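Here's the letter readout for the chains.
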Amino acid sequence: MSPGQHEVWRRHGAAPPVTALDSCSVELIRQRLASAQRRETPAHMRFKWKHSGTAAVMLLLCEVDGQVSLLLEERNHRLKSHPGDMCFAGGKCEPGESAERTALRETFEELGLPESAVEIVGEMHPVPNQANTLQVHPLVGVVRGPLDLRLNRAEVHRAVVLPLAHFYNPAVRSLVSFRSWGLSIPAYTTDKPGLRIWGLTAFVLFEFLCRIAAPASPRL
């Protein structure tokens with residue numbers, strides 16, 4: 001393993017930092033995300049913005065079958081943009097709309113989860129879409145209670161729920177080059193044949209895993 005590869009997996013962490021979504025675990029995630037936001041922006045996140053719009057996505061944590069899990073979407077295969085890709089709920093911000101409001105609205109429109117079912121626990125640094133026309137703001141939310149989804153089939157082919165532990169299994173991840181940024185990030189396979197998490201979704205997911213795995217102090 002090269003030094004660069006070793007650093008990627010060191011940042012990624014070896015195991016999930018939480019095994020439940022009780023109040024203490026949620027607070028731990030909240031504190032780690034907040035600590036990461038307070039630190040100096042990493043060099044690889046200092047973008048030269050050329051965007052003309054703003055968007056937001058929602059990383060949704062939930063508890064299914066006793067496991068802390070991540071809720072993603074497989075996009076409708078008939079969409080003109082990124083058909084069949086894995087993604088987080090999200091979309092463009094409407095005029096005057098905050099990133100948080102957009103993420104909550106899109107979560108309801110795509111997955112049927114009302115705002116009352118989602119607790120925002122943090123945010124991450126914005127990233128550009130591939131065309132650099134949008135500044136994409138990732139929000140992190142926790143779904144409280146049973147996962148009651150009502151999918152918008154015009155946009156979502158199916159919801160995919162994966163245990164957080166899944167992403168720490170070396171057998172499901174491999175390093176790939178990300179755009180022309182000179183970065184290597186993990187791409188992840190799923191429990192669905194041929195379905196993988198890559199591109200901007202994988203980049204945001206990797207940054208999230210790094211933030212919750214890397215405490216800012218020994219207490220966190």
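Procedures and definitions
- Residues numbered from 1 in each chain as written.
- Predicted model: local features only at pLDDT ≥ 70, side-chain atom pairs only at ≥ 80, totals over all residues.
- Heavy atoms only, no water.
- Salt bridge = Lys/Arg side-chain N within 4 Å of Asp/Glu carboxyl O.
- Helix = DSSP H or I, 4+ residues; strand = E, 2+ residues; numbered from the N terminus.
- Buried < 20%, exposed > 50% of the residue type's maximum accessible area, 1.4 Å probe, protein only.
- Axes fitted to C-alpha atoms, helices over the stretch in contact; angles between N-to-C directions.
- Parallel < 35°, antiparallel > 145°, perpendicular 65-115°, else oblique.
- Contact = heavy atoms within 4.5 Å.
- Nonpolar A, V, L, I, M, F, W, Y, C, P; charged D, E, K, R; others polar.
- Expected span 1.5 Å × (residues − 1).
- Polar contact = N/O pair within 3.5 Å; in protein donor to acceptor, adjacent residues only side chain to side chain.
- Core = buried A, V, L, I, M, F, W, Y, C linked by side-chain atoms within 4.5 Å.
- Pairing = 2+ DSSP bridges.
- Phe/Tyr/Trp six-rings, centres within 6.5 Å; stacked < 30°, edge-to-face > 60°.

J.: Looking at this model, I keep getting lost on the pattern of salt bridges. Mind explaining?
T.: For side chains bearing opposite charge, pairing can occur when the charged atoms are close. If you walk through the whole model with that rule in mind, you get 12 salt bridges. The partner of Glu 94 in a salt bridge is Arg 105, with the nearest N and O atoms 3.9 Å apart. Placement of Glu 94 in the loop between strand S4 (89-92) and helix H3 (99-111) and of Arg 105 in helix H3 is noted, with a sequence separation of 11 residues between them. By relative accessible area, Arg 105 is classed as buried at 16%. For Arg 105, the salt bridge identified is with Glu 109, shortest N-O distance 3.4 Å. Of this pair, Arg 105 and Glu 109 are both found in helix H3, 4 residues apart, which corresponds to roughly one turn of the helix. Among the residues examined, Glu 109 registers a relative accessible area of 35% and is labelled partly exposed. Several salt bridges share partner residues, and in doing so they unite Glu 94, Glu 97, Arg 105, Glu 106 and Glu 109 into one network.

J.: Is there a simple way to explain the packing of helix H2 (residues 23-38) against helix H4 (residues 199-213) in this structure?
T.: A pair of packed helices can be characterised by two numbers: the angle between their axes and the separation between those axes. Between H2 and H4, the shortest axis-to-axis distance is 8 Å and the interhelical angle comes to 105 degrees. Considering the angle they form, H2 stands roughly perpendicular to H4. Here Ile 29, Arg 32, Leu 33, Ala 36 and Gln 37 of H2 lie close against H4, whose contacting residues are Phe 208, Arg 211, Ile 212 and Ala 213. Taken together, the residues of the contact of H2 with H4 break down into 6 nonpolar, 1 polar and 2 charged.

J.: What is the right way to look at H2 in this model?
T.: The α-helix advances 3.6 residues per turn, and as a result positions three or four apart in sequence lie on the same side. Between its first and last C-alpha atoms H2 spans 22 Å; for 16 residues at 1.5 Å apiece the expected length is 22 Å, and the two agree. All buried positions along H2 are accounted for by Ser 25, Val 26, Ile 29, Arg 32, Leu 33, Ser 35 and Ala 36. Residues of H2 that are buried make contact with strand S1 (53-64), strand S5 (118-123), strand S7 (134-143) and H4. Measuring from the side-chain oxygen of the N-cap residue of H2 to the backbone nitrogen of Cys 24 gives 3.1 Å; that N-cap residue is Asp 22.

J.: So what exactly am I meant to see when it comes to the nonpolar core here?
T.: Counting 44 residues, the largest nonpolar core has Leu 61, Ile 197, Leu 205, Phe 208 and Leu 209 as its most contacted members. For this core, the secondary-structure elements that each account for two or more residues are helix H1 (3-12), H2, S1, strand S2 (67-75), S7, strand S8 (156-163), strand S10 (183-189) and H4. When residues of this core are assigned to their parent elements, the largest contribution, 9 residues, is made by H4. Setting aside chain neighbours within four positions, we find Phe 208 in contact with Leu 33, Leu 59, Leu 61, Met 124, Val 140 and Leu 164. Judged by nonpolar contacts, the second largest core, of 14 residues, contains Ala 56, Cys 62, Leu 71 and Leu 139.

J.: Would you take a moment to explain the sheet that holds S10 for this structure?
T.: Whether parallel or antiparallel, the strands of a sheet pair through hydrogen bonds between backbone atoms. The 3 strands lie next to each other as S9-S10-S11, forming an open sheet whose pairing is antiparallel. Strand pairing shows two members of the sheet lacking a second neighbour, strand S9 (173-178) and strand S11 (196-197), which therefore form its edges. As paired strands, S10 and S11 are joined by 2 bridges and run antiparallel to one another. Across the sheet, residue Thr 189 finds its bridge partner in S11, namely Arg 196. Running at roughly 100 degrees to S10, H4 makes contact with S9, S10 and S11 of the sheet.

J.: Honestly, the side chain of His 137 in this entry has me stumped. Any pointers?
T.: Within the secondary structure layout, His 137 lies in strand S7. Note on His 137: relative accessible area 18%, which makes it buried.

J.: Quick question: what am I supposed to make of H3 here?
T.: Compared with the 18 Å implied by 1.5 Å per residue over 13 residues, the 18 Å span of H3 between its first and last C-alpha is a close match. Buried residues in H3 make contact with S1, S2, S4, S5, S7 and S8. Residue Gly 112 follows H3 closely and has a positive phi angle near 80 degrees.

J.: Would you explain the packing of aromatic side chains in this entry?
T.: Within a pair of aromatic rings, the relevant descriptors are the distance that separates the centres and the angle that separates the planes. A complete count under the given rule lists 2 aromatic pairs for this structure. Judged by centre distance (4.9 Å) and plane angle (10 degrees), the rings of Phe 178 and Phe 203 are stacked. Here Phe 178 is found in strand S9, whereas its partner Phe 203 is found in helix H4, with 25 residues between them in sequence. A single burial state applies to Phe 178 and to Phe 203, both of which are buried.

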